Amino acid sequence: MVAALSELAGVDEDIEVFLDRDAFTLDYDPALVNLEDMYTAIRGLGYEPRLSAGEEVESAIAEAGAAVPEPVATALATAKTEGKLVFLDFYAEWCLACKVLEENTLLDSAVASTLEKLVSLTVDTDLYTPASLHYNIVGMPTLLVLDSDGTEIYRSVGLITPSELNQALNDLLSR
Amino acid sequence: MTKPILKLLFVLPLLMAPLPASLASQAAAAEAELSKVTLFVEGMMKSRGGVT
């Protein structure tokens with residue numbers, strides 16, 4: 001699968017596999033391939049692009065039904081009270097792409113300034129697997145914006161430039 | 001006869017000096033065009049005993 005995805009991504013041997021987490025990080029040329037292409041290729045190989053969870057977590061999620069898991073539920077309550085949008089950054093400590101996004105985009109002064117207008121929350125996918133599954137997190141970093149009712153109004157998976165993210169956030173704030 | 005050669009030997013390093021910087025910036029530009037993502041694949045390791 002690594003070889004197939006490497007070829008699809010238009011790169012050579014730039015895939016790092018995390019054996020214990022059913023995950024891998026790859027560099028890819030967005031001009032050659034997009035994420036949907038990769039999901040299709042993964043399914044074509046007989047796998048499902050999805051965060052793995054143990055039976056215990058899966059049954060807890062099934063019991064919870066449509067209820068929003070923590071820590072997002074608390075952030076949504078705050079957002080509702082303050083009339084703000086919620087910004088969620090799904091990441092993991094071991095996620096290389098997440099570190100690149102943080103350094104290049106999230107710490108950008110203009111982006112950081114815009115994010116102060118939202119209720120911002122980082123969600124560690126290792127610690128909050130139910131929340132990650134609830135929002136169907138398949139890749140990292142994933143950025144979501146929810147309105148105060150909890151409806152998803154924006155999603156970005158992978159890297160994004162500061163100007164692109166800032167523009168998207170300001171567009172959502174001006175709605 | 002030796003003067004032009006000496007001149008060339010003197011000038012050549014100066015001409016070549018910007019080359020590494022230029023190559024480095026080209027490499028950086030090429031790298032900047034790539035994106036990076038971490039993807040989850042359920043049961044990737046468990047179901048088939050490996051991914052390669």
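Within any chain, residue numbers begin from 1 and follow the written order of that chain's sequence. Whichever chain is written first becomes A and whichever ligand is written first becomes 1, with later ones labelled in order. For a predicted model such as this one, the threshold for reporting local features is a pLDDT of at least 70, and the threshold for listing and counting side-chain atom pairs is 80 or more; totals across whole chains, interfaces and linings nevertheless cover every residue.

### Some details on the overall build of chain A
- By definition, any uninterrupted DSSP run of H or I lasting at least four residues is a helix, any uninterrupted run of E lasting at least two residues is a strand, and each is numbered from the N terminus. Looking only at helices and strands, one finds 8 helices and 7 strands in chain A.
- Put simply, the radius of gyration uses C-alpha atoms, and a globule should come to 2.2 Å times the residue count raised to 0.38. At 17 Å, chain A has a C-alpha radius of gyration in line with the 16 Å of a compact globule built from 175 residues.
- In terms of its C-alpha atoms, chain A occupies a principal-axis envelope of roughly 50 × 40 × 25 Å.
- Note on contacts: residues are paired as contacts if their backbone-placed C-beta atoms lie within 7 Å. Considering only contacts in chain A between residues 6 or more positions apart, those separated by 24 or more positions represent 67%.

### Things to note about the overall build of chain B
- Looking only at helices and strands, one finds 2 helices and 1 strand in chain B.
- When the helices and strands of chain B are listed from N to C terminus, the series reads α-α-β.
- Partly exposed residues are those whose C-beta has more than 12 but fewer than 20 other C-beta atoms within 10 Å; with 20 or more the residue is buried, with 12 or fewer it is exposed, and the C-beta atoms are placed from the backbone. Within chain B, the proportion of its 52 residues that are buried is 17%.

### Quick word on the sheet that holds strand E4 (residues 119–124) of chain A
Residues and elements named next belong to chain A.
- A pair of strands is treated as paired once DSSP finds two or more bridges between them. The strand order across the open sheet formed by 4 strands is E4-E3-E6-E7, and the pairing between neighbours is mixed. Each having just a single partner strand, E4 and strand E7 (152–157) make up the two edges of the open sheet. Each strand of the sheet is rotated relative to its neighbour by a mean of 15°, with strand direction disregarded.
- As paired elements, strand E6 (residues 142–146) and E7 share 5 bridges and run antiparallel to each other. What sits directly across from leucine 143, in E7, is serine 156.
- Whenever a helix is involved, its axis is fitted only over the stretch in contact; in every case the axis is a line through C-alpha atoms, and angles between N-to-C directions fall within 0 to 180 degrees. Packed onto the sheet, helix H4 (residues 72–82) meets strand E3 (86–91), E4 and E6 and runs at close to 175° relative to E4.

### Focus: the sheet that holds strand E5 (residues 139–140) of chain A
- Taken in spatial order, the 4 strands of this open sheet run E1(A)-E2(A)-E1(B)-E5(A), and their pairing is antiparallel. Here the strands that pair on one side only, and so sit at the sheet edges, are strand E1 (15–18) and E5 of chain A.
- Strand direction decides the pairing type here: E1 of chain A and strand E2 (residues 23–28) of chain A, joined by 4 bridges, are antiparallel. Its bridge partner lying in E2 of chain A, glutamate 16 of chain A is registered against threonine 25 of chain A.
- Across the sheet, helix H5 (residues 96–106) of chain A touches E1, E2 and E5 of chain A together with strand E1 (35–40) of chain B, and the angle it forms with E1 of chain B is around 140°.

### Topic: the domain arrangement of chain A
Residue and element names in this part refer to chain A.
- Domain annotation for chain A reports domain 1 (2–44) and domain 2 (67–173).
- Listed per partner, the contact involves 4 residues of domain 1 and 6 residues of domain 2.
- Classification used: nonpolar for Ala, Val, Leu, Ile, Met, Phe, Trp, Tyr, Cys and Pro, charged for Asp, Glu, Lys and Arg, polar for all others including Gly. Residue composition of the side of domain 1 that touches domain 2, grouped by class: 2 nonpolar, 1 polar and 1 charged. In this document the domain limits rely on a domain assignment from an automatic tool or a database.

### Digging into the nonpolar core
- To form a nonpolar core, buried Ala, Val, Leu, Ile, Met, Phe, Trp, Tyr and Cys residues must be joined through C-beta atoms within 7 Å. With 43 residues, the main nonpolar core has Val86, Leu88 and Leu121 of chain A together with Leu39 of chain B as its most contacted residues.
- Put simply, the parts of the chain that give this core at least two residues each are E2, helix H2 (35–44), H4, E3, H5, E4 and E6 of chain A together with E1 of chain B.
- The greatest single-element share of this core, amounting to 5 residues, is contributed by E3 of chain A.
- Built from parts of two domains, this core gets at least three residues from each of domain 1 (2–44) and domain 2 (67–173) of chain A.
- In this structure leucine 88 of chain A touches Val72, Leu121, Val123, Leu143, Leu144 and Leu146 of chain A, once residues within four positions along its chain are discounted.

### Regarding the environment of valine 68 of chain A
All names here are of chain A.
- Mapped onto the fold, valine 68 is located in the loop between helix H3 (55–64) and H4.
- Separated by 67 residues in the primary sequence, valine 68 and tyrosine 135 have C-alpha atoms spaced 9.2 Å apart.
- Excluding residues within four positions of it along the chain, valine 68 makes contact with Ala73, Leu76, His134 and Gly150.

### Section: the interface of chain B and chain A
- Counting residues at the interface gives 15 residues for chain B and 33 residues for chain A.
- Residues belonging to the side of chain B that touches chain A are distributed by class as follows: 8 nonpolar, 4 polar and 3 charged.
- Examined bridge by bridge, E2 of chain A and E1 of chain B share 6 bridges and lie antiparallel to one another. From the neighbouring strand, threonine 25 of chain A faces E1 of chain B, where its bridge partner is threonine 38 of chain B.

### Topic: unusual backbone geometry
Residue and element names in this part refer to chain A.
- For the bond from glutamate 70 to proline 71, the omega torsion is 5°, close enough to zero to count as cis.
- Between methionine 140 and proline 141 the backbone carries a cis peptide bond, its omega angle lying at -5°.
- Considering the arrangement of structural elements, one finds proline 141 in the loop between E5 and E6.
- Even without being a glycine, aspartate 22 presents a positive backbone phi close to 50°.

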